[in-house]
Each structure stands twice: as C-alpha cells, then as structure tokens.
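# Coordinate inspection notes
Spelled out, the chains give:
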Amino acid sequence: MPRYYAEPVVTVISRPVFTEPPHLPVEWIGEGTDGERLAEFAGRLCYMSQHNPAKRTTREYLENIKRQGHGSVLEHANYSLLLEGVSRSLTHELVRHRAGFAYSQLSQRYVDESQASFVVPPAVIGDQRLEAAWREHIEGAQTQYVALVESLMERYGWVADKVHRRKMAREAARSVLPNATETKIVVTGNMRAWRTMLELRASEAAELEIRRLAVQVLRVLQLEAPGFFSDFEIYTADDRREAARVGHHKV
C-alpha cells in the first residue's frame, strides 16, 4: 500500500553563518541569529552606523527595516529547506517564484515511482466517502504505472544500456501518475524572497495545499529567525483553515 501524507514535512538544512569583520565591529544589543546579524550588519554598513546610535536591538533594527521597506538587506540571509510530503501539483505552483530562489526536485525520469507516496488534498481529508474514492483512483494509477514500466522495459529490450532503458520506460509511464504524487524538493531562498512567497501563498486566496505548506514554513522560519517574520500573524480564516497575513507588505 502506498504511503499517504496529510501534512507536509519541512526541514531546515542550511542557514547563514555570519563572521563579523574585526575592523568594523557593531555594537550589538539583544539576541540575534547569524542571519539576522548578517542583515543588520549589511544595513548598518550603508550608513556606517556600526556604533548603533539609536540603541536598537537586532530585532528592533529589523522591524524598522521592514517598516521602511528597505528589503534589500534581507536578501543577504539565505535559508535552505527540504520539503517532503508535497505534491507535484504544489511544486508546479511553488517554482513560479523565481527571483531569489533555487530549486532541486526529485526526478520522475530516474526515480522508480512503483513505491511512490501520495498527498491527500486538504479538501477530502475527514470525509471517509470522498477519501476512499480518491484513494481507489490513486492506487489504480500506481498499478497502471507499474504495469506500463514492465511492458515498456520489454518493448525497449533492444536497448543494451539497462539504465537508459529504465529511464525510457519510466519517463513514459509517469504520464499516468496523478498530480497528487508526492515529491521532495530542496528550496533555497533569501529572506526577502521567502517573505514575498509566504505573503502570497499563506493568504486565504491561496490554493489549500500550498497554503498549508506556507503556514508550516512560516512557523519553521519564525523559529529560525524571528526578526524577519515578526510582522506575520497566523490565524484561523473563515473557511476554518489556517492562513497568515503580514504587517509590512512586499518589503
């Protein structure tokens, strides 16, 4: 039986490491992660205000940056996330966010999907009749995929290179797999790009699965570097699902 995901899995796999140049020390106040300190240092360099004349903490400084819309300094801090338990339908939307992002996604041409997992659409979760009908369709598609790979391996038996033969079979057979097929993707983005993506995809107007992911990513990044996301609020929307709104738009 295939594995079914009802929630995405978000893992931080890379975060900034800031090394303060000894000849330009900043008068730091309060807590700050390396990513937050990096953005503050970059902002202060613009005005040579390392002595911190306003006596702001790191997170107060970043709040002022967001309030004024000086989002360029946020671009210095990059975080990489491993996203699992997301559908190929979702990643098709996600990769439309180009500026400030890099993506590396599982390849269906090379990876055997006979043991693929699938992502349950939020709209059918909790309704046994709908979910049972959906699973029946999913399992039928996976059975067809396995049968097609076997038949195509026979058809291309004249191809001497077995690895190439498998690739030819899988790239054709994947056409019967549904958009709900689970995929894994590494996403690297700077904090300005993450903020823009989350503002759009965690909103009530977003498609439900990517909205669910965006809210979870927001929670993860708020723990990683709260100074970048202190103006985001997670709430329960009228449709009884979580969404998020932001105080400073498109910094």
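In what follows, the accompanying structure is described. No experiment lies behind these values; they were computed from the predicted model shown.

## Topic: helix α5 (residues 162-173)
For α5, built from twelve residues, the straight-helix expectation of 16 Å at 1.5 Å per residue is met to within 8% by its first-to-last C-alpha distance of 16 Å. Among the residues of α5, those classed as buried are R165, K167, M168, A169, R170 and A173. The N-capping residue of α5, defined by a side-chain oxygen 3.0 Å from the backbone nitrogen of V163, is D161.

## Some words on the pairing of strand β3 (residues 78-87)
In the case of a regular strand, side chains alternate between the two sheet surfaces. Within β3, eight of the ten residues are buried, which leaves it mostly tucked inside the rest of the structure. Where strand β2 (residues 9-14) meets β3, five bridges bridge the pair, whose relative direction is antiparallel. What sits directly across from V9, in β3, is E84. Where β3 and strand β6 (residues 182-190) come together, eight bridges link them in antiparallel fashion. Opposite N78, over in β6, you have N190 as the bridge partner.

## Remarks on the side chain of R195
Positionally, R195 belongs in helix α6 (residues 191-201). Residue R195 is classed as buried on the basis of its relative accessible area of 4%. Only 2.9 Å separates the side chain of R195 from the side chain of D231, close enough to count as a polar contact. Setting aside anything within four residues of it in sequence, one finds R195 in contact with K66, L74, F228, F229, D231, F232, V246, H248 and V251.

## Some thoughts on the nonpolar core
M191 and W194 are the most contacted members of the largest nonpolar core, which has 41 residues in total. Sort the elements by how many residues they give to this core and helix α7 (residues 208-224) lands first, with eight residues. Ranked by size, the runner-up nonpolar core spans eight residues in total, among them Y4, A116, F118 and I138.

Cut-off values and rules
Residues numbered from 1 in each chain as written. Predicted model: local features only at pLDDT ≥ 70, side-chain atom pairs only at ≥ 80, totals over all residues. Heavy atoms only, no water. Helix = DSSP H or I, 4+ residues; strand = E, 2+ residues; numbered from the N terminus. Expected span 1.5 Å × (residues − 1). Buried < 20%, exposed > 50% of the residue type's maximum accessible area, 1.4 Å probe, protein only. Polar contact = N/O pair within 3.5 Å; in protein donor to acceptor, adjacent residues only side chain to side chain. Pairing = 2+ DSSP bridges. Contact = heavy atoms within 4.5 Å. Core = buried A, V, L, I, M, F, W, Y, C linked by side-chain atoms within 4.5 Å.

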